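Chain by chain, the residues:
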Amino acid sequence: MKFLKAGLFSLFLFCTTTAFADIQLGRDYEKLSPAQATHSGTKIEVLAFFFYGCSHCFHLHAEISAWEKKLPKDVKLEYVPVTFQDSWESMAFTFYALESLGQGKRLHDELYKAWNIDNIDLRNKANAVDFVTRRGVNRAQFIAAYDSFSVGSKVSRANQMVRDYTIRGTPTLVIDGQYLITGLTPSDTIRVLNELLIQIRKAHGIRKN
């Protein structure tokens, strides 16, 4: 009986592992054509296209934040704000302005909470300024960053990336300039992401550090 139980348990583990590792093109991820150039040097590039007011992005946020805390040394994660509508543009400027002031990570959770839980209207510059100021950001410095050429250039670059990668919805992850994940549950998104990283390492002969 003990041998039978052990055998069944081993079979269960094998089936479970196989099921989790079995990701399929067209079902779990797409392949970009043409592939896009990456800008992460020797690291594997992961681009996270998002909008703070997107409920699906909000649900993925906890999972990807936990994954980011254990970010592999050979991976670089970059967030890219999406502006499908003009009213979303203030969030792209806010994201890059806070990033330039070293306040982005501190207020990342707060911005998601504001949109998805507290229903705070941040669809214009004035509201964004008031919001970040109440959370300890210097008003004058934030406005200067928001209106700066560098932040405007980053927003323009993000908009161009949305076009180049043919981003149709959020959240969307693009891995190594060639694989795209969208429309999955948060846990499946992370699972497929990890499996693609394994495939990329094998293809390039890279060992995870």
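The structure displayed is predicted, hence computed values, not measured ones.

### Description of the confidence of the model for the chain
Part 1 of the reasoning: Summing up the model confidence of the chain, the mean pLDDT is 90 and the portion of residues at 70 or higher is 88%.
Part 2 of the reasoning: Every residue in residues 2-6 is under pLDDT 50, and counting partners more than four places away or in other chains gives zero contacts.
Part 3 of the reasoning: Per-residue pLDDT stays below 50 along residues 8-20; that stretch engages in three contacts with residues further than four places along the chain or on separate chains.

### Here's the deal with unusual backbone geometry
Part 1 of the reasoning: Following Ser-33, the chain continues into Pro-34 via a peptide bond in cis, with omega recorded as 5 degrees.
Part 2 of the reasoning: Examined against the element boundaries, Pro-34 turns out to sit in the loop between strand 1 (30-31) and strand 2 (44-50).
Part 3 of the reasoning: The step from Thr-170 to Pro-171 runs through a cis peptide bond, and the omega angle for that step is -5 degrees.
Part 4 of the reasoning: Along the chain, the position of Pro-171 falls in the loop between helix 7 (149-164) and strand 4 (172-175).
Part 5 of the reasoning: With a phi angle near 55 degrees, Asn-119 is a residue other than glycine that sits in the positive phi range.
Part 6 of the reasoning: Inspection of the secondary structure puts Asn-119 in the loop between helix 4 (104-116) and helix 5 (125-133).

### Quick notes on the pattern of salt bridges
Part 1 of the reasoning: Under the criterion given, the structure shown has 11 salt bridges.
Part 2 of the reasoning: Ionic pairing is found between Asp-28 and Arg-27, a salt bridge with its closest N-O pair at 2.8 Å.
Part 3 of the reasoning: Using a relative accessible area of 46% as the deciding quantity, one classes Arg-27 as partly exposed.
Part 4 of the reasoning: Measuring nitrogen to oxygen at the nearest pair gives 3.3 Å for the salt bridge that ties Arg-135 to Glu-110. In this pair, Arg-135 is assigned in the loop between helix 5 and helix 6 (139-146) and Glu-110 in helix 4, connecting sequence segments 25 residues apart.
Part 5 of the reasoning: With a relative accessible area of 23%, Arg-135 lands in the partly exposed category.

What counts as what
- Residues numbered from 1 in each chain as written.
- Predicted model: local features only at pLDDT ≥ 70, side-chain atom pairs only at ≥ 80, totals over all residues.
- Heavy atoms only, no water.
- pLDDT = per-residue confidence, 0-100.
- Contact = heavy atoms within 4.5 Å.
- Helix = DSSP H or I, 4+ residues; strand = E, 2+ residues; numbered from the N terminus.
- Salt bridge = Lys/Arg side-chain N within 4 Å of Asp/Glu carboxyl O.
- Buried < 20%, exposed > 50% of the residue type's maximum accessible area, 1.4 Å probe, protein only.

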